[in-house]
Structure formats: structure tokens, C-alpha cells
Amino acid sequence: MRFRATVENVAIFCRIIQAVEKLQRKCIIKFTENEMHIICNDDANEGGIQVWSVVKVDSIFTNYRIQSNANNQITVALSTEALLSSLRSSSTSASSTAAASSILPAYDADELVMKLAKKNDQAVLSFEMFGVSRSGRKVRVTHDVRIEVMRPAEVEKLREPLCPEPDVHILLPPLQKLRTIVERLRPLSDVLALRANNSGKLQMAISTDSVKVETQWIGCANPSLRQAQVEEEENAEVEPTEKPDPETVFSVLVSVRSFLKFLNSHVVSTTTIACICQKHCAILYVYIGEVADAGGVLTFYIPSVIED
């Protein structure tokens, strides 16, 4: 089992891990020949929120080499905090905050190499940084992140949540702006209503015995995530189906705290599409880069809250 790669885009890798670090203390990373999958599916996770992300190898890594007896796939479980710390320590450019930058070492890495290793009978993901200090001296720094290498039988049990076909897809406003609004709603209610229709209307609302607040956007785009699939099947004989009324509003109730954890992905988001499965769940696709040429996508599953 061998794995080695140069982390070319440290900032993006750091932001992806930053987006999931608030969600779960540990995550699963599955490396394949062409993709990196980052999974947060711990049942103990508050609110039941899960993340299943797919990132193209060439959007982050160069000199990428992987070899294993499991179809050249390696799956590991590791601490998100430790991984984030290792990435941040490689360069001030990997941090988006002044506070984080102030505690970083006084050097910038010219090269960051990530590789699988074993030290003192413990499997680790080793990060080797080569660079120049502020005083002009060459430096080499190594950070080791303890990992658990998962067996193929364990990996086979990993299953993405099964959800019904979404009732509506809608393009969300910038997540940073949504985060500001939801932060203000948080002290008022534990439950947030997410509503949308197929004519570009999006609503976020809370309702309690003492207060009701609703925020609305109009003119949002309603993209079709199944467009490619439809084009592939256009030559097949498909019975016509009646299109739903575009003004019909579909809704789902979600935990405010879970939704705020999803909004932490604003650090990496350029485009985010929300899918509502009426009274079942919200599925949120956070694209890394523009949708047409995305380097990957983080998929958040937030289950509905069942009110008494």
C-alpha cells in the first residue's frame, strides 16, 4: 500500500477541511486514482447531518501516486482538527483569518508533500513541508496525523443516505449572507423552515408561540441537476409526466444548529444548490468552483425535524 502526492492547492484543501471540521471531530477520506472522497457520517453527529464530498484529484494535487490491493483505493479515518492544523501550518495563505495567521510559523512552504507512512507501528498521514524561513534559511518541517486504515469490508458498508427525488432545486444566495441571517434567527428558535418553489422563490422562516419571522428571495434560479441524465435518456421511450405547478411551495423543517454547520462551507463555496425533499430532508450541493468546471462538490444531507 503506497500513497504520495504534492498538495498544489493548499488553500482550497484547507478550506474544504475547515468546512467539515466544525461538523465532526473525525472524518473518513477515501483516496482513489482520480478522486478524493471526504465523508462525515457519524450517527453521533448532532442533528444527523452528513457530508459526502467528491473532489477531483487534479484540482488539488500534483505528482499523485496511489497503489493498493483494493483497486488502488485507500480509505482512512482521521481527526479533522489535526488535519486542518497540519494544512494551516504549511502557509499563511492557507488561513482565511488574521487570528489563525498570527499563530502560524515564520515560514512559507514552497512544497507540501502528503504521504502514507508508518511510525512506531502507527499508521500516519505525513505532511512534509519544504520552504524558506523569513530569515532566508531553508527549512523542512514534518507533521504526522494519526490515521486508521479501513479494511475493504468496512469501506463496503459505507452508504450514502437514500432520499426521495427532490421536489425542487434552487440556487442559494451567497452563504455568508445566509449565515448572517440565520445567526440572528438562532436565539429565537431551534427549528428553521426552508421553503422554495419552481419559479425562483426561496424562503427561510421561524415560527414559535411568541414570534414569527420570514425572509424571502425572489428571482433565484431553478437549475436541473438531472439535465445530463435526461439528455442521455431522450432517445428512450418515456411516458410524459405532468409538470408540477411552478408556484407550489415545498418545505422542510431543519435544525437551526445543523443549518449553521452547513453554512460553515461558505469558506469554499462559489455556487450552492439546495434541493428540498418535502418533509424528508434538505440536500445541499456546495460546488468548488463554477458548476460547469467544478473541482468537486460537497454534498450535505440535513434530515427534517419532526415536530410534535
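Residues numbered from 1 in each chain as written. Predicted model: local features only at pLDDT ≥ 70, side-chain atom pairs only at ≥ 80, totals over all residues. Heavy atoms only, no water.

For the structure on display, the rule yields 6 salt bridges. With a closest N to O distance of 3.2 Å, Lys-115 and Glu-128 form a salt bridge. Taken together, the residues span a long stretch of sequence, with Lys-115 in strand β7 (residues 107-119) and Glu-128 in strand β8 (residues 122-133) at a distance of 13 residues. (Salt bridge = Lys/Arg side-chain N within 4 Å of Asp/Glu carboxyl O. Helix = DSSP H or I, 4+ residues; strand = E, 2+ residues; numbered from the N terminus.)

Below, the discussion takes up the packing of helix α1 (residues 10-21) against helix α2 (residues 80-88). Between α1 and α2, the least distance of the axes is 9 Å, while the angle of their chain directions is 155°. Classed by the angle they form, the pair α1 and α2 counts as roughly antiparallel. In this structure, the crossing between α1 and α2 has a hand that is left-handed. In this structure, α1 uses Val-10, Phe-13, Cys-14, Ile-17, Gln-18, Val-20 and Glu-21 to contact α2, whose residues at the interface are Thr-80, Glu-81, Leu-83, Leu-84, Leu-87 and Arg-88. (Axes fitted to C-alpha atoms, helices over the stretch in contact; angles between N-to-C directions. Parallel < 35°, antiparallel > 145°, perpendicular 65-115°, else oblique. Left-handed = near helix turned anticlockwise from the far one by under 90°. Contact = heavy atoms within 4.5 Å.)

Here the focus is α2. Here α2 has its buried residues at Thr-80, Leu-83, Leu-84, Ser-86 and Leu-87. Each buried residue of α2 lies within a common arc of 160° when the element is viewed along its axis, so the set occupies one face. (Buried < 20%, exposed > 50% of the residue type's maximum accessible area, 1.4 Å probe, protein only. Arc of directions from axis to C-beta.)

Burial runs high along helix α7 (residues 256-263): 7 of the 8 residues are buried. Where α7 begins, one side-chain oxygen reaches toward the backbone nitrogen of Arg-257, 3.3 Å away; that side chain belongs to Ser-255. (Polar contact = N/O pair within 3.5 Å; in protein donor to acceptor, adjacent residues only side chain to side chain.)

Residues at a pLDDT of 70 or more form 85% of the protein, whose mean pLDDT is 86. Scored below 50 in pLDDT, residues 95-104 makes 9 contacts in the model with residues more than four places away or belonging to other chains. Predicted confidence for residues 227-240 stays below pLDDT 50, and this span has 1 contact to residues more than four positions away or in other chains. (pLDDT = per-residue confidence, 0-100.)

What follows concerns the packing of helix α5 (residues 175-185) against α7. Between α5 and α7, the least distance of the axes is 10 Å, while the angle of their chain directions is 155°. The orientation of α5 with respect to α7, classified from their angle, is roughly antiparallel. Regarding α5 and α7, the two cross each other, and that crossing is left-handed. Contacts between α5 and α7 involve Leu-175, Leu-178, Arg-179, Val-182 and Glu-183 on the former and, on the latter, Val-256, Phe-259, Leu-260, Phe-262 and Leu-263. For the contact of α5 with α7, the residue count by class is 8 nonpolar, no polar and 2 charged. (Nonpolar A, V, L, I, M, F, W, Y, C, P; charged D, E, K, R; others polar.)

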